[in-house]
Amino acid sequence: MKKQAFKDKVKKKNPQTCGERSRTITKMAQIFLIWGILLVGCGQTAVPTATPLPNTPVSQMEPTPTLIASPTAVATQPPPPTATPQLDGLSIGDPYAPELGNAGYDVTHYTLSLSLDPAVENIDATVEIRGVVTAPELATLSLDFVGFTIAETLLDGQPVTFTHKDDKLILFPAQPLPQNSPFALSISYAGNPVERPSPYVGFAASLGMRFVNGQSIYVLSEPDGSRFWFPNNDHPRDKATYRFEITVPRGLTAVANGRLIEQINDETSSTFIWEHNHLMASYLATVVVGDFERLESVSPDGVLLRHYVNDGAREEFDRAIADLGEAVDWMSDLFGPYPYEAFGYVTADVSGVSLETQTMVLLANNMIGQRTTIHELAHMWFGDWVSLDSWQQMWRNEGFATYVQLMWENRDDPENFELAMEAVRSAVEENGEDFPLGNPPPAKLFSFNTYFGGAVFVHELRQEMGDEAFFSGLKTYFATYGDGTASDDEFRAVMETAVGRSLADFFAEWLE
Ligand code: TRP
Ligand code: ZN
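Novice: I'm lost on the side chain of Thr450 in this one. Help?
Specialist: Take Thr450: it is sitting in helix H11 (residues 448-465). According to the relative accessible area criterion, Thr450 is buried, its value standing at 2%. Among the polar contacts listed, one links the side chain of Thr450 to the backbone oxygen of Leu445, at a separation of 3.0 Å.

Structure below.
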């Protein structure tokens, strides 16, 4: 169908509730729609009651900005500077989410030492951040961090003064840091995480670290939740490597990204050391604590697969991942070799949301199935290996993950694949929201249209380019931007080179 007619059709529809939606669509489309609703949690968990206005400037997010510094911190540190220097770098420059990320430096590595107990809703932590100054000189160093009581802040081993307000932790080095100089921060803090709805995520009451019934712990951070559990430069433009040292009561298991290096037990506690030696956006960092069985295998081509599964979920899980090794190798053939040390899932006591946390996907206990597992696997390439330059371009994450999952399901049946895409297209026409794919309102960032409208666009692009150019373009895209970020324009340029002509009008028609 012509894009304009498609758009017009979409426009005619009024916004509907999730319940209304599912009654108005065809049988075949229903399968996909229900899956979509599940994946983004619409109608699942409590919709937040007091969502802040989208893109509210940080200074207005909280009615009364507070200076949070513990009495001990104040007592043990040099007095704050008398004249507050000009605060620079409070945004990394994503126009869609100006409140996120910070400029002037590049984080290279985080070490997160966390003491956690599901029975106590408290995080006791020391976070070490290594980085390099990128600005000509850096007078103030700002991080994203919400809540907690800060006990100590060290810069290169020396106490450094700070303020903590408006969701930013700002450090004041005694002398400006010169360009290219490496630095090491150590920030110790404790407390009960702040719970606040994200303007971008309507289907979770809050993001960050969540404690469940005194029994388990998990993390939800996309897109702006990692600052609710550790200080960081909270934007995919600043990726870093990670080490986790997680201490939990003896008997529980702590899971994170990458590889389990070591488990150290004493009488009452266990410390789990995890390392991830590839660059990762902070929203993809994860910690899950619970009672798990570890399952391990390898894909036919040798990718290490390891999973952490709750007891009761074992049968369902085994069924869901029966073909996982094949799927990993199949995607490696299509997009380039699986980029990381290992891949797997960790099940969590959360309803209706799963998240593509790098190498260790968070899988909701009530979403264990082929659709979700394959969708999240596709994100290892689309979103994790190549991350978004701006959150505005979410269609490139969710549209591709959705499309790849549909491709996988129909890999042996091209005719059925076309039927499936037709069904998705009608579902989007019937139910799609009226906003440009390339510029969703924040509250619609993870909406039906982003996932399924995005998948329809991907399909159209493939048809426009032809299979050969489309798939060779994708391989070049991953080879070029893997381990980093790419914008829609950079993606388009790669696809244009692959097909040998401009796709400017085509992209504009779909995204604007
Ligand atoms: N990216 C997730 C997916 O589609 C959906 C998602 C976005 C999410 N933000 C989230 C899930 C926050 C959990 C929490 O796979
Ligand atoms: Zn997704």
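Additional details are given in the paragraphs that follow.
Novice: What is the right way to look at the site of ligand 1 in this model?
Specialist: In the neighbourhood of ligand 1, 14 residues make up the surrounding shell, with Glu222, Glu356, Glu376, Glu398 and Tyr451 lying closest. Between a nitrogen atom of ligand 1 and a side-chain N or O atom of Glu356, the distance comes to 2.7 Å. At a separation of 2.7 Å, an oxygen atom of ligand 1 approaches a polar side-chain atom of Glu376. In isolation ligand 1 exposes 370 Å². Once the protein is present, 100% of that is buried. With three residues, helix H8 (residues 370-379) is the single largest residue contributor to the shell around ligand 1.

Novice: I would appreciate a short explanation of the sheet that holds strand S2 (residues 120-133) in the present structure.
Specialist: In sheet architecture, strand pairing relies on hydrogen bonds along the backbone and comes in two forms, parallel and antiparallel. Read across the sheet, eight strands follow the order S6-S5-S10-S2-S1-S13-S16-S15 without closing on themselves; strand pairing throughout is mixed. Both outer strands of the open sheet, strand S6 (158-159) and strand S15 (259-265), are each paired with one neighbouring strand and no more. Looking at chain direction, strand S1 (residues 105-117) and S2 are connected through 12 bridges and run antiparallel. When the bridges of S2 are listed, Ser113 appears paired with Thr126.

Novice: So what exactly am I meant to see when it comes to the packing of aromatic side chains here?
Specialist: For any two aromatic rings, the description comes down to two numbers: the centre-to-centre distance and the angle of the planes. Taken as a whole and assessed by the stated rule, the structure comprises 41 aromatic pairs. Considering the side-chain rings of Phe382 and Phe478, the 5.0 Å spacing of their centres and the 80 degrees angle between planes classify their relative orientation as edge-to-face. Of this pair, Phe382 sits in the loop between H8 and strand S22 (386-388) while Phe478 sits in helix H12 (residues 467-481), and the two are 96 residues apart along the sequence. Over the aromatic face of Trp408 sits the side chain of Arg411, whose NZ or CZ is 3.5 Å from the ring centroid.

Novice: How should I be thinking about the pattern of salt bridges in this particular structure?
Specialist: Pairing between side chains of opposite charge can happen when the charged atoms of each approach one another. Under the defined criterion, the tally for this structure stands at 20 salt bridges. With a closest N to O distance of 3.9 Å, Asp323 and Arg411 form a salt bridge. Residue Asp323 is located in the loop between helix H6 (314-320) and helix H7 (324-335), and its partner Arg411 is located in the loop between helix H9 (395-409) and helix H10 (414-431); the two are separated by 88 residues in the primary sequence. Residue class for Asp323 comes out partly exposed when judged on its relative accessible area of 29%. Its relative accessible area of 35% is what places Arg411 among the partly exposed residues. Across the salt bridge formed by Arg371 and Glu409, the nearest N and O atoms sit 2.9 Å from each other. Pair noted here: Arg371 is in helix H8 and Glu409 is in helix H9, with a separation of 38 residues, a long-range link. By relative accessible area, Glu409 is classed as partly exposed at 31%.

Thresholds, definitions, all that
- Residues numbered from 1 in each chain as written.
- Chains lettered and ligands numbered in written order.
- Predicted model: local features only at pLDDT ≥ 70, side-chain atom pairs only at ≥ 80, totals over all residues.
- Heavy atoms only, no water.
- Helix = DSSP H or I, 4+ residues; strand = E, 2+ residues; numbered from the N terminus.
- Buried < 20%, exposed > 50% of the residue type's maximum accessible area, 1.4 Å probe, protein only.
- Polar contact = N/O pair within 3.5 Å; in protein donor to acceptor, adjacent residues only side chain to side chain.
- Near = heavy atom within 4 Å.
- Areas by Shrake-Rupley, 256 points an atom, 1.4 Å probe, with all protein chains shown as cover.
- Pairing = 2+ DSSP bridges.
- Phe/Tyr/Trp six-rings, centres within 6.5 Å; stacked < 30°, edge-to-face > 60°.
- Lys NZ or Arg CZ within 6 Å of the ring centre and 35° of its normal.
- Salt bridge = Lys/Arg side-chain N within 4 Å of Asp/Glu carboxyl O.

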